[in-house]
Amino acid sequence: MTKVLVATEKPFAKAAVDGIRKIVEGAGFELALLEKYTDVNDLYKTVEDADALIVRSDKVTKEVIDHAKNLKIVVRAGAGYDNLDLAACTQRGIVAMNTPGQNSNAVAELAIGFMIYMARTNFTPVTGTELTGKKVGIHAYGNVGRLVAQKAKAMGMQVCAFDPFVPAEKIQQDGVTPVQTMEELYANCDYVSLHIPATEQTKNSINYNLLSKMPKGACLVNTARKEVINEADMAKLLAERTDFKYITDIAADNDAELKAFAPRYFSTPKKMGAQTAEANLNAGLAAANQIVDFIKNGVTKFQVNK
Ligand code: 3PG
């Protein structure tokens, strides 16, 4: 029988797992669950006879692929697929997919929440500021970036966006001002909300040179990936500029060092951008449906290792 393994170190909500089970078993497949695992050997063992795999930020390394003798498809229930070793998948003829857009609203809401948290002095009675009238720059105008822009506009913020892959007219259509360069975005915005993926090109790209262009009192909001930040540069900037703020959903590797700059630095204890009942359900069900569609009908929409 076709076995679908859901391996989630950070589990989905129960309703999402129930929904995945319904889809998988409804297709005549078997569902296996590996949740909250702390030892990668448990994943190696469970994946051995799996035909399909659903993960979140769980790392699907070459070692995982090597153990997965029957694997035909892996779906990252979410947007960013930097946790999948695509080369190893391709080499074995395994189809890798993501579920774009399914958890975007949850992440966008958290980005807005982060801005409010920093503007309102970490929810302390110290006098804060308001978002209305402030300028926010959206760095990468994809599914999440667009939703952040929409919500920021509704709050009366002025919204700019930089994305070399999205035509300026498309950005303008949403009432958002496109800017030509990253430098322009950072130099002119009180808040920058990061939505770039972690790739060889973007890793460490948010550096001192760029961040130091931000105006007085500026705040960087990261609900994307920690790898895109040059963390040594961030520490340097936070030390030099007592007005600068950084809030992130993905604790920096030098989190302990940066915590010395609290309340201007804040990180969530565990990545929680996509951790809503709605996002779990949307992404989980989409992943299950994509697997059934692939195994039964050969549908490869959303394949990322073409
Ligand atoms: C994504 O890329 O979809 C988000 O970062 C969510 O990641 P998560 O599923 O680990 O919460």
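Residues numbered from 1 in each chain as written. Predicted model: local features only at pLDDT ≥ 70, side-chain atom pairs only at ≥ 80, totals over all residues. Heavy atoms only, no water.

### Points about the layout of surface pockets
Part 1: Of the volumes computed, that of the largest pocket is approximately 1,200 Å³.
Part 2: Along its surface, the largest pocket is lined by 44 residues, and Ala79, Gly80, His195, Ile196 and Pro197 are the ones closest to its centre.
Part 3: Those elements that provide at least two residues to the lining of the largest pocket are α5 (104-119) and α6 (143-154).
Part 4: In terms of residue class, the lining of the largest pocket is made up of 19 nonpolar, 17 polar and eight charged.
Part 5: Two domains share the lining of the largest pocket, each providing at least three of its residues, namely domain 1 (3-102 + 276-297) and domain 2 (104-267).
Part 6: By volume, the second largest pocket is sized at about 740 Å³.
Part 7: In this structure, the second largest pocket is lined by 32 residues; those nearest its centre are Glu9, Ser57, Asp58, Lys59 and Lys271.
Part 8: At three residues, helix α2 (residues 40-47) tops the list of elements feeding residues into the lining of the second largest pocket.
Part 9: Residues that form the lining of the second largest pocket fall into these classes: 12 nonpolar, five polar and 15 charged. (1 Å grid on protein atoms, 1.4 Å probe; cavity = no way out; pocket = protein on both sides within 12 Å on 5 of 7 lines; lining within 4 Å. Points joined across faces, edges and corners; volume = space filled by probe spheres on them. Helix = DSSP H or I, 4+ residues; strand = E, 2+ residues; numbered from the N terminus. Nonpolar A, V, L, I, M, F, W, Y, C, P; charged D, E, K, R; others polar. Domains from an automatic or database assignment.)

### What about the site of the ligand?
Part 1: The environment of the ligand is formed by Lys10, Arg56, Ser57, Arg76, Gly78, Ala79, Gly80, Asn103, Arg225, Lys271 and Ala274.
Part 2: One nitrogen or oxygen atom from the side chain of Arg56 is found 2.9 Å from an oxygen atom belonging to the ligand.
Part 3: Within the backbone of Gly80, a nitrogen or oxygen atom sits 2.8 Å from an oxygen atom of the ligand.
Part 4: Most atoms of the ligand, that is more than half of them, are within 2 Å of grid points of the largest pocket.
Part 5: A class-by-class count of the residues in the shell around the ligand yields two nonpolar, four polar and five charged. (Near = heavy atom within 4 Å. Polar contact = N/O pair within 3.5 Å; in protein donor to acceptor, adjacent residues only side chain to side chain. Sits in = over half its atoms within 2 Å of the grid points.)

### Section: the packing of helix α1 (residues 14-26) against helix α12 (residues 277-297)
Part 1: One way to put it is that α1 packs onto α12 with a least axis distance of 8 Å and a crossing angle of 15°. Taken together, the axes of α1 and α12 lie roughly parallel to each other. Where α1 crosses over α12, the handedness of that crossing is right-handed. Contacts between α1 and α12 involve Ala15, Ala16, Gly19, Ile20, Ile23 and Val24 from the former and Asn280, Leu281, Gly284, Leu285, Ala288, Asn289 and Val292 from the latter.
Part 2: Its residues placed into classes, the contact of α1 with α12 shows nine nonpolar, four polar and no charged. (Axes fitted to C-alpha atoms, helices over the stretch in contact; angles between N-to-C directions. Parallel < 35°, antiparallel > 145°, perpendicular 65-115°, else oblique. Left-handed = near helix turned anticlockwise from the far one by under 90°. Contact = heavy atoms within 4.5 Å.)

### Notes on the pattern of salt bridges
Part 1: Applying the stated criterion to the full structure yields 12 salt bridges.
Part 2: The residue Asp66 makes a salt bridge to Lys62 at a minimum N-O spacing of 3.1 Å. Placement of both Asp66 and Lys62 in helix α3 (residues 62-67) is noted, with a separation of four residues, approximately one turn of the helix.
Part 3: You can call Asp66 partly exposed: its relative accessible area is 34%.
Part 4: A salt bridge links Lys259 to Asp255; its shortest N-O distance comes to 2.8 Å. Remark: Asp255 and Lys259 occur in helix α11 (residues 255-259); sequence separation between them is four residues, near one turn of the helix.
Part 5: Among the residues examined, Asp255 registers a relative accessible area of 16% and is labelled buried. (Salt bridge = Lys/Arg side-chain N within 4 Å of Asp/Glu carboxyl O. Buried < 20%, exposed > 50% of the residue type's maximum accessible area, 1.4 Å probe, protein only.)

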